[in-house]
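Topology and contacts: notes
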Amino acid sequence: MRILAMFSAAFAAAAALCAYALPAAWGWLPGLCLAALAAVLLFLHGDPVRRVRTIALGLAAGFLWCWADAGRLVSVRALCGEGQTIEAEVCSLPERTQYGYRCLALLQGNRMQLYLRNAPEDAALGDRVRVTADVTETGNSLYLASNDILLLGFARGEAEWEHPEQVSLRYAPQRALLTVQRTITNCFPADTAPLAIALVTGDTSGLPYALQTAMSDAGISHIVAVSGMHVTLLLGVVRLLCLRRRRLTAGVGITVMVFFAAMLGFRPSVTRAVVMNAVLLLAPLLGRENDGPTSLCFALLLLLLPNPRAIANVGLQLSFAAVAGLQLFSGDLNGWLQGRLHVAALRERHPLPARLLRAICASLAATLGALAFTLPLAAWYFRSISLAAPLTNLLALPLFSLAFSLGCVTAVLGLVWLPLGRIAAWPAAWLLRLARGIVTTAAGLPYAAVYLNRTLLCVWLIAATGMFAIFLLQRR
């Protein structure tokens with residue numbers, strides 16, 4: 001039995017109920033009731049009883065953890081007030097807005113979205129800012145709560161900035177990220193540098209709006225939202241450099257993955273991939289077998305422990321839904337497609353076409369498996385779905401994947417010697433141009449994306465999703 005998977009899934013279910021339905025402050029009541037139920041079940045035996053007991057314990061732990069986290073919000077309210085002088089530590093570079101600047105800051109250890117009237121050009125991570133501001137709670141904003149932002153600060157006047165002599169080491173990964181972005185900018189041609197930065201670091205601020213829209217319509221926006229695929233590709237590069245030695249790959253790979261996740265601020269999709277790949281690397285060294293559902297649920301548990309409200313994060317939901325679909329359906333879909341196309345029989349007579357067909361089947365199966373659960377979520381959150389996604393991912397994803405690997409190599413070589421980085425960037429730039437052309441062409445096709453602004457389209461989506469679900473759930 002997958003005890004850890006069941007416990008973690010139940011914990012996440014309790015966190016979701018506290019985020020969307022039950023106030024977290026009342027979490028103690030169902031938590032204690034479920035804990036009592038689990039205690040009673042200790043005196044009974046049998047596999048069904050163990051399953052129920054594990055789920056009850058997971059739910060109880062989730063409810064009680066959310067209740068304890070809600071108590072932290074009470075202490076945060078003491079920091080709220082109008083016209084008070086605050087001193088905070090800047091933990092993200094200021095972004096220009098319509099009325100001034102916006103940045104993330106730490107106020108007595110609590111994350112705050114701070115809106116300022118001024119910011120120096122040489123603003124850096126770890127700076128101290130002193131300003132008179134109105135500080136309020138984030139209220140019922142699940143978006144801010146899911147990102148562990150507890151406070152909002154609105155400056156009333158000019159802020160005083162102070163550059164400390166020594167900056168905390170916790171900002172080292174973010175400073176490394178800025179260095180990587182500058183290196184990519186210097187190595188890549190101007191027409192591909194913004195796309196390369198978005199691909200390697202997930203920073204889409206430099207991408208033209210037309211290209212962002214085209215990527216969304218073509219169903220390949222996930223390529224610039226750094227996710228598990230990027231971590232897997234990065235680990236593949238490490239595995240090649242370590243000559244596929246297990247212990248060396250595990251040590252170097254886990255270190256590189258954790259630092260990469262820290263550079264990107266431990267985004268949920270990246271953290272999930274780091275945990276799952278770390279389990280995959282360590283399992284054979286510890287004499288254990290890797291279990292996909294268990295590592296997926298365990299990664300979710302680790303993400304929810306620091307902030308149980310992260311369950312409402314859209315990126316987290318899409319990431320875990322995609323991997324769940326891959327684990328449940330992609331293998332069977334791949335086998336079904338290869339059986340329909342008689343790939344096994346073709347491999348004996350024509351090995352090269354058979355290999356190409358097998359790659360196409362694997363790509364289509366992965367895309368459709370990932371869509372099984374992410375399609376309803378995307379339709380709900382974004383009110384649109386991309387019908388061109390399978391075709392675009394089939395044609396452009398290999399190009400983007402190779403360009404990502406070359407982009408990482410470019411960043412490393414560019415830091416050593418800029419001309420070397422520019423040499424590595426040349427083929428990556430042409431790959432990006434070709435992939436960009438495929439994306440813009442696919443986005444221009446009729447009905448590449450369908451916007452759910454009509455009742456008939458919503459009915460069609462529900463019917464199509466239901467048919468697809470029935471097909472996937474068939475045993476054969």
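Note that the structure is a prediction, hence the values are computed from the model and not measured.

Some remarks on the overall build of the protein
Counting secondary structure elements, the protein contains 17 helices and nine strands. With the principal axes as the frame, the protein shows a C-alpha extent of 80 × 70 × 55 Å. Burial analysis of the protein (476 residues in total) assigns 44% to the buried set. The contacts of the protein with a sequence gap of at least 6 include a subset with a gap of at least 24, amounting to 72%. Of the roughly 25,400 Å² of accessible surface on the protein, a fraction of 65% belongs to carbon and sulfur atoms. For the protein, the centre of its 37 positive side-chain charges and the centre of its 23 negative side-chain charges are spaced 15 Å apart.

Considerations on a nonpolar patch on the surface
A cluster of nonpolar side chains, namely Trp26, Trp28, Leu29, Leu32 and Trp67, defines an oily patch on the protein surface of about 540 Å² accessible area. Within the fold, Trp28 resides in helix α2 (residues 28–41).

Points about helix α16 (residues 418–443)
Taking 1.5 Å per residue as the helical rise, α16 with its 26 residues ought to reach 38 Å, and the 35 Å between its terminal C-alpha atoms agrees with that figure. At Ala425, α16 is bent by approximately 30°, the largest bend along its length, and proline Pro427 sits one to four residues beyond. Here α16 has its buried residues at Gly421, Ala424, Ala425, Ala428, Ala429, Leu431, Leu432, Ala435, Val439 and Ala442.

A word on the side chain of Arg272
Inspection of the secondary structure assignment puts Arg272 in helix α10 (residues 268–285). Here Arg272 is in contact with Gly228, Leu296, Ala299, Leu303, Ser319, Phe320 and Val323, once residues within four sequence places are set aside.

So, the nonpolar core
Counting 50 residues, the largest nonpolar core has Phe188 and Phe400 as the members making the most contacts within it. Contributions of two or more residues to this core are made by α5 (172–187), α6 (193–201), α7 (209–218), α8 (228–241), α9 (246–263), α10, α15 (389–416) and α16. Residues contacting Phe400, with those up to four places away along its chain left out, are Leu195, Leu199, Ile220, Ile223, Leu432, Ala435 and Val439.

A closer look at the packing of aromatic side chains
Across all of its chains, the model carries two aromatic pairs by this definition. Consider the rings of Tyr115 and Phe154, whose centres lie 5.3 Å apart with planes at 5°: the pair is stacked. One end of the pair, Tyr115, is in strand β4 (residues 110–116); the other, Phe154, is in strand β6 (residues 151–155), and 39 residues separate them in sequence. Ring geometry for Phe329 against Phe373: centres 5.7 Å apart, planes inclined by 55°, an arrangement best described as tilted. Of this pair, Phe329 sits in helix α12 (residues 314–340) while Phe373 sits in helix α14 (residues 351–382), and the two are 44 residues apart along the sequence. You can call Phe373 partly exposed: its relative accessible area is 34%. The cationic tip of Arg383 hangs over the ring face of Trp380; the distance from NZ or CZ to the ring centre is 5.1 Å. A cation sits over an aromatic face here: Arg433 above Trp430, 4.5 Å from the ring centre.

Conventions and cut-offs
Residues numbered from 1 in each chain as written. Predicted model: local features only at pLDDT ≥ 70, side-chain atom pairs only at ≥ 80, totals over all residues. Heavy atoms only, no water. Helix = DSSP H or I, 4+ residues; strand = E, 2+ residues; numbered from the N terminus. Buried < 20%, exposed > 50% of the residue type's maximum accessible area, 1.4 Å probe, protein only. Contact = heavy atoms within 4.5 Å. Areas by Shrake-Rupley, 256 points an atom, 1.4 Å probe, with all protein chains shown as cover. Lys, Arg positive; Asp, Glu negative; His and termini not counted. Charge placed at Lys NZ, Arg CZ, Asp CG, Glu CD. Patch = residues over 30% accessible without salt bridge, like charges linked within 9 Å, V, L, I, M, F, W, Y side chains within 5 Å. Salt bridge = Lys/Arg side-chain N within 4 Å of Asp/Glu carboxyl O. Expected span 1.5 Å × (residues − 1). Bend = angle between axes of the 7 residues up to and from the residue. Core = buried A, V, L, I, M, F, W, Y, C linked by side-chain atoms within 4.5 Å. Phe/Tyr/Trp six-rings, centres within 6.5 Å; stacked < 30°, edge-to-face > 60°. Lys NZ or Arg CZ within 6 Å of the ring centre and 35° of its normal.

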